[in-house]
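Tertiary structure, described
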Amino acid sequence: MIVTRGFTRRRAADDRLPPGQYREDDFPVLSAGPTPHTPLDRWDLTVTGAVERELRFTWDELRALPVERPQVDIHCVTTWSKLDTHWAGVSVDALLEAARPRGGYVLAVCDGGYTTNLPLEDVTGGRAWIAYEFEGSPLAPEHGGPARLLVPHLYFWKSAKWVRGLVVRERDERGFWEELGYHDRGDPWLEQRYQGD
Ligand SMILES: Nc1nc2c(c(=O)[nH]1)N[C@H]1C(S)=C(S)[C@@H](COP(=O)(O)O)O[C@H]1N2
Ligand SMILES: [Mo]
């Protein structure tokens, strides 16, 4: 059998596209409101709620934590996927371990009021980051800079831009899009786009 290089390359890329997604090479901006601009000297990130110890990190304190550099595919519920994106940031594990969560859910809260809910297990185990660099440069404001949540194995609305807090909850509490009918978990491989999927 003759398999051309083009064929094998396209197949390999398609296998990485969840159902109903197409490959996008640009980086679209999807924001439900205006881009906030919090100066770094007034920026902080808090871990609060059902935790044994509430935590607060200034910008400098966040940047002093160990850096991880995930290369990941991202999938937006509006059907675009972007493959092999490069980020730098801090593992959410590092933040939550120190806080010792007593609940099973996290609500990410952001400058501008956006929220999104996630099961604790989706932001632990090396699968979620507070990202502050994209493709080797500081994360652009329209993409969530100075820092955003990055949870690439779930639809991209879970990757909260301008994140300022992780609130641990004992019960799941819906965020912005979830309240409007989007799925509570949002696994792109299971096409969990809307409540009931
Ligand atoms: N704070 C905040 N985070 C957000 C959003 C938003 O409107 N506000 N939009 C979400 C949605 S629906 C998507 S698809 C991605 C888009 O990220 P991008 O603009 O960097 O592509 O951000 C998510 N995070
Ligand atoms: Mo989205």
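Residues numbered from 1 in each chain as written. Chains lettered and ligands numbered in written order. Predicted model: local features only at pLDDT ≥ 70, side-chain atom pairs only at ≥ 80, totals over all residues. Heavy atoms only, no water.

Brief notes about the nonpolar core
- Ranked by internal contacts, the top residues of the largest apolar core, which has 36 residues, are V47, L62, V92, V123, I130 and L149.
- Taken together, the elements giving at least two residues each to this core come down to strand 2 (44-49), strand 3 (55-58), helix 2 (59-63), helix 3 (92-99), strand 6 (105-110), strand 8 (129-134) and strand 11 (163-169).
- The element that contributes the greatest number of residues to this core is helix 3, accounting for 4 residues.
- Sequence-distant contacts of V47, that is, excluding residues within four places in its chain, are made with R53, E54, L55, F57, L95, L96, A99 and L166.
- Core analysis: the next-biggest nonpolar cluster, separate from the first, contains 12 residues, I74, W129, L150 and F156 among them. (Core = buried A, V, L, I, M, F, W, Y, C linked by side-chain atoms within 4.5 Å. Buried < 20%, exposed > 50% of the residue type's maximum accessible area, 1.4 Å probe, protein only. Helix = DSSP H or I, 4+ residues; strand = E, 2+ residues; numbered from the N terminus. Contact = heavy atoms within 4.5 Å.)

Things to note about the pattern of salt bridges
- Applying the stated criterion across every chain yields a total of 16 salt bridges.
- Two residues, R127 and D122, come together in a salt bridge whose shortest N-O distance is 3.4 Å.
- Among the residues examined, R127 registers a relative accessible area of 33% and is labelled partly exposed.
- Since its relative accessible area comes to 0%, D122 is described here as buried.
- One network of salt bridges, with partners in common, ties together D44, R56, D111 and R164. (Salt bridge = Lys/Arg side-chain N within 4 Å of Asp/Glu carboxyl O.)

With respect to the pairing of strand 3
- The alternating pattern of strand 3 places L55 and F57 on a buried face and R56 and T58 on a face that is not buried.
- Across 4 bridges, strand 2 lies against strand 3 in antiparallel orientation. Of the residues in strand 3, the one forming a bridge with T46 is R56. (Pairing = 2+ DSSP bridges.)

What to know about the environment of D73
- Along the chain, D73 turns up in strand 4 (residues 71-75).
- Overall, D73 belongs to the buried group, its relative accessible area being 17%.
- With 13 residues separating them along the chain, D73 and H86 place their C-alpha atoms 9.0 Å apart.
- Leaving out residues up to four positions away in the same chain, D73 has contacts with R16, K82, L83, D84 and P152.

A few points about the site of ligand 1
- Around ligand 1, 20 residues are found, and the nearest of them are P28, A32, H143, R148 and K161.
- In this structure, A32 approaches ligand 1 through a main-chain N or O atom, which is 2.6 Å from an oxygen atom.
- Contacts to ligand 1 include K161, whose side-chain N or O atom sits 2.6 Å from an oxygen atom.
- In isolation ligand 1 offers 530 Å² of accessible surface; the protein chains occlude 97% of this area.
- Judged by the proximity of its atoms to the pocket grid, ligand 1 belongs to the largest pocket. (Near = heavy atom within 4 Å. Polar contact = N/O pair within 3.5 Å; in protein donor to acceptor, adjacent residues only side chain to side chain. Areas by Shrake-Rupley, 256 points an atom, 1.4 Å probe, with all protein chains shown as cover. 1 Å grid on protein atoms, 1.4 Å probe; cavity = no way out; pocket = protein on both sides within 12 Å on 5 of 7 lines; lining within 4 Å. Sits in = over half its atoms within 2 Å of the grid points.)

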